[in-house]
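Listed here are the chains, written in short residue letters.
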Amino acid sequence: MSRQKTAVITGSADGLGKGIAERLAQDGFNIVLSDINADTLAQTEQEFKSRNQPAASFVGNVAKREDQFALVKHAVDTFGSIDVFINNAGIEEVMLLEEVGEADIDRVFDINVKGVIFGTQAAAEQMKKQGGNRVYKIINACSIAGHESFDLLGVYCASKFAVRAITIAAAKELAKYKITVNGYCPGVAGTKMWDRIDAEMGKYLGLKPGEAFEKFSTGILMGRTQKPEDVAALVHYLASEDSDYMTGQSLIIDGGMVYR
């Protein structure tokens, strides 16, 4: 790289977001970590700095528009500009649709949908100011649940279908500013989110801990659940110059589960 680029990743204190941040740090990016969990975020930032990788952190709630704009300002104040903004933060909801209440919908859509919209707004505003001949990247965490609806995950799936729609609309609106917008769609990974999904599904289905996770994973063509590194490899491509001609896409990386 002729100039060290900066990537901002929300929901990056642990899980897939941390894995993505680690890969982009290896690629030579300055890293701006963001999460609502201050303690875990501070620990993760120290891990990066202990490896002499340029990193900063910001405690914020992606559902708050002002926090997303403050995150971008923090990134620019620290590293001078941003090149890649990754809307990674997300939450799940395991529940029968007939039991879903207004608060349940709001909780999921505030993070998964509003968070992506507000992050896109904040990143695009800064990227437009920076201008130049380079291509900037906004990358959204979608899911196989954005391509296929699953029982007990109806609200979560609806939020991820929305992320796909937002990705396409933003790509169309921002292309003239040399800003691409794409998404990555993971499958089943051994993260804290999937631990929670397994526990909640087990209650509905009468399964022991781990059985719902195993049932959901059965039939993955590659013969294993995914690791953060698998998803990070795709985001590495989306954040690189190699993807400059791609926009409006939400790419599935699930080891062979959902086919579109």
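Residues numbered from 1 in each chain as written. Predicted model: local features only at pLDDT ≥ 70, side-chain atom pairs only at ≥ 80, totals over all residues. Heavy atoms only, no water.

Once that is clear, we can look at the environment of Gly90. Within the secondary structure, Gly90 sits in the loop between β4 (84–87) and α4 (102–130). Placed 79 residues apart in sequence, Gly90 and Gly11 show a C-alpha to C-alpha distance of 7.3 Å. Residues within four places of Gly90 in sequence aside, it is in contact with Ile111, Asn112 and Met193. (Helix = DSSP H or I, 4+ residues; strand = E, 2+ residues; numbered from the N terminus. Contact = heavy atoms within 4.5 Å.)

The final tally for this structure, using the stated rule, is 14 salt bridges. Between Glu47 and Lys18 there is a salt bridge whose closest N-O contact spans 2.9 Å. You can see Glu47 sitting in helix α2 (residues 38–50) and its partner Lys18 sitting in helix α1 (residues 15–26), a full 29 residues away along the chain. Of the residues examined, Glu47 reaches a relative accessible area of 29% and is grouped as partly exposed. Two residues, Asp244 and Lys137, come together in a salt bridge whose shortest N-O distance is 3.0 Å. Separated by 107 residues along the polypeptide, Asp244 in the loop between α8 (228–239) and β7 (250–253) and Lys137 in strand β5 (residues 136–141) bring together distant segments of the chain. (Salt bridge = Lys/Arg side-chain N within 4 Å of Asp/Glu carboxyl O. Buried < 20%, exposed > 50% of the residue type's maximum accessible area, 1.4 Å probe, protein only.)

What follows concerns helix α5 (residues 154–174). Over its 21 residues, α5 runs 30 Å from end to end, which matches the ideal 30 Å to within 8%, given 1.5 Å per residue. Regarding α5, the residues found buried are Val155, Tyr156, Cys157, Ser159, Lys160, Ala162, Val163, Ile166, Thr167, Ala170, Ala171 and Leu174. Elements in contact with the buried residues of α5: α4, β5, β6 (179–186), α6 (192–205) and β7. (Expected span 1.5 Å × (residues − 1).)

Another aspect to go through is the packing of aromatic side chains. For the coordinates displayed, the defined rule picks out three aromatic pairs. When the ring centre of Phe48 is taken as origin, the NZ or CZ atom of Arg51, which lies over that ring, is 5.0 Å away. The ring of Tyr177 has Lys128 sitting right over it, with the charged end atom 4.4 Å from the ring centre. (Phe/Tyr/Trp six-rings, centres within 6.5 Å; stacked < 30°, edge-to-face > 60°. Lys NZ or Arg CZ within 6 Å of the ring centre and 35° of its normal.)

UniProt annotation of "active site" (unreviewed entry) refers to Tyr156 when read in the numbering used here. Beyond its immediate stretch of four places on either side in the chain, Tyr156 contacts Ile91, Glu92, Glu93, Val108, Asn112, Ser143, Ala145 and Met193. (UniProt positions renumbered as here; feature names shortened; annotations may be inferred.)

As summarised here, the arrangement of the seven strands in space is β3-β2-β1-β4-β5-β6-β7, forming an open sheet in which the pairing is parallel. Each having just a single partner strand, β3 (55–59) and β7 make up the two edges of the open sheet. Sheet twist, expressed as the mean angle between neighbouring strand axes with direction ignored, is 20°. Looking at chain direction, β4 and β5 are connected through four bridges and run parallel. Note on β5: the bridge partner recorded for Val84 is Lys137. Sitting on the sheet, α2 touches β2 (30–35) and β3, and the angle it makes with β3 is about 175°. The sheet contacts of helix α3 (residues 65–79) involve β1 (6–10), β2, β3 and β4, and relative to β3 the element is tilted by about 160°. (Pairing = 2+ DSSP bridges. Axes fitted to C-alpha atoms, helices over the stretch in contact; angles between N-to-C directions.)

Now for the UniProt feature "binding site: NAD(+)" (unreviewed entry) in the protein. Under the feature "binding site: NAD(+)" (unreviewed entry), the UniProt entry names Asp35, Asn88, Tyr156, Lys160, Pro186, Gly187, Val188, Ala189, Gly190 and Thr191. Lining residues of the largest pocket drawn from the annotated set just named are Asp35, Asn88, Tyr156, Lys160, Pro186, Gly187, Ala189 and Thr191. Note that Lys160 resides in helix α5. According to the relative accessible area criterion, Lys160 is buried, its value standing at 4%. Overall, Pro186 belongs to the buried group, its relative accessible area being 8%. With residues up to four places along the chain from it excluded, the contact list for Pro186 reads Leu16, Cys142, Ser143, Ile144, Gln226, Val231 and Ile253. (1 Å grid on protein atoms, 1.4 Å probe; cavity = no way out; pocket = protein on both sides within 12 Å on 5 of 7 lines; lining within 4 Å.)

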